[in-house]
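# Structural description and commentary
What follows is each chain in one-letter form.
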Amino acid sequence: MIEVPVMNTQGKEVGKFPVDEALLGTTVRPALLKQALVRHHANQRQGTVKTKTRAEVEGSTKKLYKQKGTGNARRGNIRTPVMKGGGNAFGKLPRDFRQEMPLKQRRLARNNAILSKILSNTLILLDGFAVPAPKTKEVANVLKTLHADRGVLIATQGLDRNLWLSARNITKTIIKPAAEINAYDVLSKRTMIITKAAFEDVLKGAKPSKTAKAKG
């Protein structure tokens, strides 16, 4: 069991929150986290690049001159890849770079990423985080107080519109409902801020890993 400090927006500790590491995967799995990151980057690629082959460029198919007797190197038609304006020999073609990953594996990767943040003391658990009206300066001041202004993921319970409007244009800041975050969101930022209510929802949806069951 891990005791995670619960903070307020003034940066003061107001309590402790016990977390069963078995719900977050028991141990951090670097290979799983790498797979999740590689998959995320691969799925961002459009794959719409296209170059013309020698069969697709314009030009005659006639041999430029005879094979032997000229003293020159052998030459085919004007579309050959070795000539200016010719087609590409091994040109790029449209392709799908997407990688699949089972839902349970994606969730485990997200939970593992959160566990890594807890173990490295870069997860800040807040008792609450709300603003009465959209005000970027207020959220920026809170992040500065919490020493989380150098890249942060803010995870909330559901969509808090005022908070989202206040934080969306802050540099190096991602704000999302906890149900929508993934391993890349967690690992790509230096710090993670999550409200206590949102964290409880994450833990409710998690199940103990098989490793933890075997140990039990």
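Everything below is about the structure printed above this text.
Keep in mind that this is a model prediction, so the values were computed, not measured. (Residues numbered from 1 in each chain as written. Predicted model: local features only at pLDDT ≥ 70, side-chain atom pairs only at ≥ 80, totals over all residues. Heavy atoms only, no water.)

### Side note on the overall build of the protein chain
As a reminder, the rule being used: For the purposes of this entry, the term helix denotes a DSSP run of H or I that reaches at least four residues, the term strand denotes a run of E that reaches at least two, and both are numbered from the N terminus. For the radius of gyration, the atoms used are the C-alpha atoms, and the globule rule reads 2.2 Å times the number of residues raised to 0.38. Only protein chains enter the area calculation, which uses a 1.4 Å probe; residues under 20% of their type maximum are buried, those over 50% are exposed, and those in between are partly exposed. We call two residues in contact when some of their heavy atoms are within 4.5 Å. Methods summary: accessible areas were calculated by the Shrake-Rupley approach with a probe of 1.4 Å, and residue burial reflects only the protein chains presented. As used throughout, the charge tally considers Lys and Arg to be positive and Asp and Glu to be negative, leaving His and the chain termini uncounted. Working definition for charges: the position is that of NZ of Lys, CZ of Arg, CG of Asp or CD of Glu.
Looking only at helices and strands, one finds 7 helices and 6 strands in the protein chain. Starting at the N terminus and ending at the C terminus, the protein chain contains elements arranged as β-β-α-α-β-α-β-α-β-α-β-α-α. What you see for the protein chain is a C-alpha radius of gyration of 27 Å, clearly larger than the 17 Å of a compact globule of 216 residues, by over 25%. In terms of overall dimensions, the protein chain has a C-alpha envelope of 90 × 50 × 25 Å along the principal axes. Taking all 216 residues of the protein chain together, 37% fall into the buried category. Restricting to contacts in the protein chain with at least 6 residues of sequence separation, those with at least 24 account for 67%. Total accessible area computed for the protein chain in this model is approximately 13600 Å², and 51% of it derives from carbon and sulfur atoms. Charge centroids of the protein chain, computed over 41 positive and 16 negative side chains, lie 16 Å from each other.

### Details of the sheet that holds strand 1 (residues 2-7)
The cut-off we apply is this: A pair of strands is treated as paired once DSSP finds two or more bridges between them. The axes are straight lines fitted to the C-alpha atoms, using for helices just the contacting stretch, and the angles between their N-to-C directions are given from 0 to 180°.
Pairing is mixed across the open sheet formed by 6 strands, whose spatial order is 2-1-3-6-4-5. Bordering the open sheet on either side are strand 2 (13-19) and strand 5 (173-177), each of which pairs with just one other strand. Each strand of the sheet is rotated relative to its neighbour by a mean of 30 degrees, with strand direction disregarded. Here strand 4 (residues 152-156) runs beside strand 5; their pairing, made up of 5 bridges, is parallel.

### Comments concerning the nonpolar core
Defined as follows: We define the nonpolar core as a collection of buried residues of types Ala, Val, Leu, Ile, Met, Phe, Trp, Tyr and Cys that are connected through side-chain atoms lying within 4.5 Å of one another.
Core analysis: the largest hydrophobic core is formed by 31 residues, its most contacted members being Ile114, Ile118, Leu123, Leu125, Met192, Ile194 and Phe199. Of the residues forming this core, the biggest block, 5 residues, is contributed by helix 2 (residues 103-119). Apart from the residues lying within four places of it in its own chain, the contact partners of leucine 123 are Val4, Ile114, Lys117, Ile118, Met192 and Ile194. Core analysis: the second largest hydrophobic core is formed by 17 residues, Phe129, Val139, Leu163 and Ala167 among them.

### Considerations on the pairing of strand 3 (residues 123-126)
Neither face of strand 3 is open: one carries Leu123 and Leu125, the other Ile124 and Leu126, and all of them are buried. Relative to strand 6 (residues 191-195), strand 3 runs parallel, the two sharing 4 bridges. Pairing of isoleucine 124 across the sheet is with isoleucine 193, part of strand 6.

### Notes on the packing of aromatic side chains
For clarity, the threshold we go by: Two aromatic rings from Phe, Tyr or Trp, using only the six-membered ring of Trp, form a pair when their centres are within 6.5 Å; if the ring planes differ by under 30 degrees the pair is stacked, by over 60 it is edge-to-face, and anything between is tilted. Here, a charge over a ring is recorded when the distance from Lys NZ or Arg CZ to the ring centre is within 6 Å and its angle to the ring normal is within 35 degrees.
Tallied over the full model, the rule gives 1 aromatic pair. Judged by centre distance (5.8 Å) and plane angle (50 degrees), the rings of phenylalanine 17 and phenylalanine 199 are tilted. In this pair, phenylalanine 17 is assigned in strand 2 and phenylalanine 199 in helix 6 (residues 196-205), connecting sequence segments 182 residues apart. This pair shows no difference in class: phenylalanine 17 is buried, exactly as phenylalanine 199 is. Of note, arginine 45 hangs over the ring of phenylalanine 97, and the distance from its end group to the ring centre comes to 3.6 Å.

### Observations concerning helix 6
What counts, and what does not: Here, the arc refers to the directions that run from the helix axis to the C-beta atoms.
Among all positions in helix 6, only Ala198, Phe199, Val202 and Leu203 are buried. One side of helix 6 carries all its buried residues, which in axial view fall inside an arc of 140 degrees. Along helix 6, the residues that are exposed and aim more than 90 degrees away from the buried face are Lys204 and Gly205. In this structure, the buried side of helix 6 is in contact with strand 2, helix 2, strand 3, strand 4 and strand 6.

### Focus: a positive patch on the surface
Rules: For patch detection, residues must exceed 30% relative accessible area and be free of salt bridges, and they are connected within 9 Å for like charges or within 5 Å for nonpolar side chains (Val, Leu, Ile, Met, Phe, Trp, Tyr). A pair is scored as a salt bridge if a Lys or Arg side-chain nitrogen falls within 4 Å of a carboxyl oxygen belonging to Asp or Glu.
The grouping of Lys104, Arg106, Arg107 and Lys207 at the surface amounts to a positive patch. Following the sequence through the fold, arginine 107 ends up in helix 2.

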